[in-house]
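Observations on the model geometry
In case you want the letters, here they are:
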Amino acid sequence: ERMQKLQTRVLVQEAEMDTKRLRSAREQMRAIYQMAATVGATLSYEKVLDAALNMGTVGMDEHGETSNLMVGAVLLLQEDELRVVAARRLSPSDMKVRLPGQRGVLGEALHSGDPVYMAEPFRDPELINFVGFRACASLMCVPLGAGFEIFGVLLFGHPRQNFFDEDRRELLEAIARQAVVAMQNARLYQNLLDEKERIVEVEEEARKKLARDL
């Protein structure tokens, strides 16, 4: 009888774990779908990056605790330095931080083009400048780029050690890929607008020249 109770308890625990995994997978798929929908609905990469921070907390915790604990930031390369363009749970002073992105987790992610996980981000030589990440025990840094083109990084920190397991890392990487698509689309659209403006200027100059000749 004791053995049967033990087996029953094990089966119940396994069923609960399976339920949690299914719930987590469902939430992750929903987050990715919503992110893809956002990308398709706007040419504003700023809106997509803001959505990426929101989506990064979806499906992270089966009890919904993550939204109040996760620290997130999008840093983009501008004039050869990383600047915060969107964030969650960073202080006003953190929003003004400028970093070279040459050392620590930032340098590694930008150089390799691969996501980087680290424990104790408060020891990082560059991230130490952020007050918001000092309470984090684990951090995920995902580069925003494709091929040789790097736009910046997506950062997520959490006070729980070993928080970013394989499923959570895959979710953040998928969100980052969608954000990159949006940034590429926005850049392509801007290039088209610039080309259109250039053509209009050329045509206007041609009309002026023709008028002078006549």
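One can find the structure itself at the top, above this paragraph.
Heads up: these notes are all about the structure in this document. Bear in mind that the values here come from a model prediction, so they are computed numbers and not experimental data.

Definitions and limits used
Residues numbered from 1 in each chain as written. Predicted model: local features only at pLDDT ≥ 70, side-chain atom pairs only at ≥ 80, totals over all residues. Heavy atoms only, no water. Phe/Tyr/Trp six-rings, centres within 6.5 Å; stacked < 30°, edge-to-face > 60°. Buried < 20%, exposed > 50% of the residue type's maximum accessible area, 1.4 Å probe, protein only. Lys NZ or Arg CZ within 6 Å of the ring centre and 35° of its normal. Core = buried A, V, L, I, M, F, W, Y, C linked by side-chain atoms within 4.5 Å. Helix = DSSP H or I, 4+ residues; strand = E, 2+ residues; numbered from the N terminus. Contact = heavy atoms within 4.5 Å.

**Re the packing of aromatic side chains**
Taken as a whole and assessed by the stated rule, the structure comprises three aromatic pairs. Where Phe-130 meets Phe-133, the ring centres are 5.7 Å apart and the plane angle is 80°; that geometry is what we call edge-to-face. The pair formed by Phe-130 and Phe-133 is uniform in burial state, with each residue classed as buried. Taking 5.2 Å as the distance between ring centres and 85° as the angle between the ring planes, the aromatic pair formed by Phe-163 and Phe-164 counts as edge-to-face. Each member of the pair, Phe-163 together with Phe-164, is buried. What links up through ring pairs into an aromatic cluster is the set Tyr-117, Phe-163 and Phe-164. Stacked on the ring of Phe-163, the Lys or Arg Arg-168 has its end atom at 4.0 Å from the ring centre.

**Comments concerning the nonpolar core**
In terms of nonpolar packing, the biggest core is built from 25 residues, with Leu-49, Val-74, Leu-76, Leu-144, Leu-154, Phe-156 and Phe-164 touching the most fellow members. Put simply, the parts of the chain that give this core at least two residues each are helix 2 (45-55), strand 1 (71-78), strand 5 (138-146), strand 6 (149-158) and helix 4 (166-213). Top element by residues in this core is helix 4. It accounts for eight residues. The contact partners of Leu-154, leaving out residues within four places of it in the chain, are Leu-53, Ala-73, Val-74, Met-140, Cys-141, Val-142, Leu-144, Leu-172, Ile-175 and Ala-176. Grouped together as the second largest cluster of nonpolar side chains are 23 residues, Leu-75, Val-105, Leu-139 and Leu-155 included.

**What about the side chain of His-158?**
Looking at the element boundaries, His-158 is found in strand 6. Its relative accessible area of 1% is what places His-158 among the buried residues.

**Topic: unusual backbone geometry**
The phi angle at Asp-80 is positive, at roughly 65°, despite the residue not being glycine. With phi around 50°, Glu-120 is a residue other than glycine that occupies positive phi space. Tracing the sequence through the fold places Glu-120 in the loop between strand 4 (116-119) and strand 5. For Glu-120, a relative accessible area of 32% translates into the label partly exposed.

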